[in-house]
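Inside the fold
Here is what each chain is made of, one letter per residue.
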Amino acid sequence: MLIMLFNTIEEAISKLSTIKEQLMQLKEKYGKINEELKVNANIEETIMKSGLQPSHKVITMTAIPYSINIHIAPHYTWLVNKIGVLNSNIYYIINELDKVNNYLNNTKFRNASVAIMIDYESKKTRLVIMP
C-alpha cells in the first residue's frame, strides 16, 4: 500500500509528477533486468526439459569469526515472474497517479490538504481532499 500526504493541491500535483517520472525510470530498469534474466530462465528451462533437474545448493565457507553460506539456486524463472509482478504493480500505480493528477487539476479547492492511498494488491485507490 502506498500512502501519500500533501499540504496543498498544488504541492500534490507537482510531487505526483515527480513520483510518476521516477516510477517510469524504475519500470524501465526493471524491464532491462527482466530481459537479461529471461535468457537465463530459457537456459534453465532447456536444462529441465533435457531431464536434468537443477536443485538448490548451499556452499558453506568457514571464515573467522563467521561462516558464510552461499546459496546457488536455479531460480531465474521465479525471478522473472517476480519482476513481472513488480512491473505490473508499478504500471498500476502510474495509471492511478495519472487519474488522481487529472482529478486534482480540475478541482477548484487549491488550499486543501490531500491524502492519497493506493492499494496495489487489492487494486483500490482512495483520494481524500481535506479543506
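Residues numbered from 1 in each chain as written. Predicted model: local features only at pLDDT ≥ 70, side-chain atom pairs only at ≥ 80, totals over all residues. Heavy atoms only, no water.

Of the regular secondary structure elements, the protein holds 2 helices and 5 strands. The order of α-helices and β-strands along the protein, N terminus first, is β-α-β-β-α-β-β. For 131 residues, the compact-globule formula gives about 14 Å, and the C-alpha radius of gyration of the protein, at 22 Å, lies well above that figure. Counting only C-alpha atoms and orienting by the principal axes, one finds that the protein spans roughly 65 × 40 × 25 Å. Taking all 131 residues of the protein together, 24% fall into the buried category. Sequence separation of at least 24 residues holds for 62% of the intrachain contacts in the protein that already meet a minimum separation of 6. Counting every atom, the protein has about 9400 Å² of accessible surface; 58% of that belongs to carbon and sulfur. (Helix = DSSP H or I, 4+ residues; strand = E, 2+ residues; numbered from the N terminus. Rg over C-alpha atoms; globule rule 2.2 N^0.38 Å. Buried < 20%, exposed > 50% of the residue type's maximum accessible area, 1.4 Å probe, protein only. Contact = heavy atoms within 4.5 Å. Areas by Shrake-Rupley, 256 points an atom, 1.4 Å probe, with all protein chains shown as cover.)

Locating leucine 16 in the fold gives a position in helix α1 (residues 9-49). Residues leucine 16 and valine 100, 84 residues apart in the sequence, show an inter-C-alpha distance of 8.8 Å. Residues contacting leucine 16, with those up to four places away along its chain left out, are Met4, Phe6, Leu97, Val100, Leu104 and Ile116.

Right, let's talk about the pairing of strand β4 (residues 113-119) for a bit. With 5 of 7 residues buried, β4 lies mostly within the body of the structure. Strand direction decides the pairing type here: strand β1 (residues 2-6) and β4, joined by 5 bridges, are antiparallel. Counted as the bridge partner of phenylalanine 6 is valine 114 from β4. Taking the residues that link successive antiparallel strands as the turn, the β4-strand β5 (residues 124-130) hairpin has 4 residues, and the phi of lysine 123 there is positive, at about 60°. (Pairing = 2+ DSSP bridges.)

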